[in-house]
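Each chain is listed here by its residues.
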Amino acid sequence: MSVLVNPVVALGMLWVVPTGLALLGGPRPPALDRIRRAWPLLALPGAVCLWLPRSGAAVALAAVYALATLALALQAPARLLLTRSLRPREIAVLTALASPSVAGTALVAERAGHPLFGFDLDLLALTVPHFHFAGFAAALIAGLVHRTSDGPTARFAALSVPTGTLLVLLGYFVNDGTELAGAVVLTAGMTAVAVLTLRERRDVAADPVTRALLAVSALVLAATMALALSWALGEATGLPHPSLTWMAATHGLGNALGFAVCALLARRRLLTEHGAGPGDREDPGPGPAPLPSPAPHPDPRPARDPHRDRSELPA
């Protein structure tokens, strides 16, 4: 399974995270841009450790990446202090900033061969791509989609994707029923993202390549989330369902390449086409009250009689 998972994880580490961070709009904590610029170097040890046997060296490299994800997670409260907002799209962005830290923690445990919280190593290995793509990329894209549409569907997507991701994570600790509930909420939210993406393709994108990327990301998403829902339903009820290896080969690759990569490429192209892409559109929010206009000063000169001829000399 590592032959399928490792390239996807490396892609998420090295390209998806910094590309997504570059699309963020709104107030940015000062450290966020520094982290984004340094991210490929910070992520490289994590990508290398995937291909090493479990050892102290692999754990050390994974720990470097985990520290980078924790630094990124700290940008979530820093952004919250700047925006002072818990609007749906901000909740989605905050979830995106925090999600890679879950992946980084799981990576360290898996590389150490330690069953963190009792989870087997295969599940820990799959947690790493899950929180790069279902956690970071999906939540970020839900937030970006919301910035082009402020209707109820967009608000539902921006709230349900983080909520579903959190429920899936809680399901790891509680029971399969909670994980199933998370899969249902996440599938509903991602379906809303797909609908909004197709609407955006129709109304916003003019370039045929951008339109094709948006279409692929939306249609692939519908298929991959149906697979995720079937797997969670089978885990909770005992009904036949795909194996983890099959899910990695279909749901995992589809979400990574068909949804996340295509969606991010499309939004980067929209940024180039329009000069200010969807991610840069941000409500200004409440600001300082405008200063009152200064009162006009009275003219000390006497008023001129409009009926007097300009050539007439005064008496």
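Our structure is the block above this text.
My aim in this report is to walk through the structure given alongside it, one point at a time.

Each value, and the rule that gives it
Residues numbered from 1 in each chain as written. Predicted model: local features only at pLDDT ≥ 70, side-chain atom pairs only at ≥ 80, totals over all residues. Heavy atoms only, no water. 1 Å grid on protein atoms, 1.4 Å probe; cavity = no way out; pocket = protein on both sides within 12 Å on 5 of 7 lines; lining within 4 Å. Points joined across faces, edges and corners; volume = space filled by probe spheres on them. Helix = DSSP H or I, 4+ residues; strand = E, 2+ residues; numbered from the N terminus. Salt bridge = Lys/Arg side-chain N within 4 Å of Asp/Glu carboxyl O. Buried < 20%, exposed > 50% of the residue type's maximum accessible area, 1.4 Å probe, protein only.

1. Considerations on the layout of surface pockets
Here the largest pocket defines a volume of roughly 220 Å³. Lining the largest pocket are 15 residues, and of these S2, N6, E110, R111 and A125 sit closest to its centre. Sort the elements by how many residues they give to the lining of the largest pocket and helix 6 (residues 121-146) lands first, with five residues.

2. Description of the pattern of salt bridges
Once the charged atoms of two side chains with opposite charge are near each other, the side chains can pair. Evaluation of the coordinates by the stated rule reveals eight salt bridges. Among the salt bridges present, the one from R28 reaches D33, with a minimum N-O distance of 2.8 Å. Overall, R28 belongs to the partly exposed group, its relative accessible area being 23%. On the basis of relative accessibility, which here comes to 23%, the residue D33 falls in the partly exposed class. Across the salt bridge formed by R36 and D33, the nearest N and O atoms sit 3.8 Å from each other. With R36 and D33 both in helix 2 (residues 30-49) and three residues apart, the pair spans about one turn of that helix.

3. Regarding unusual backbone geometry
With phi around 50°, R84 is a residue other than glycine that occupies positive phi space. Mapped onto the secondary structure, R84 falls in the loop between helix 4 (75-83) and helix 5 (88-112). The class for R84 is exposed, based on a relative accessible area of 71%. With phi around 55°, F117 is a residue other than glycine that occupies positive phi space.

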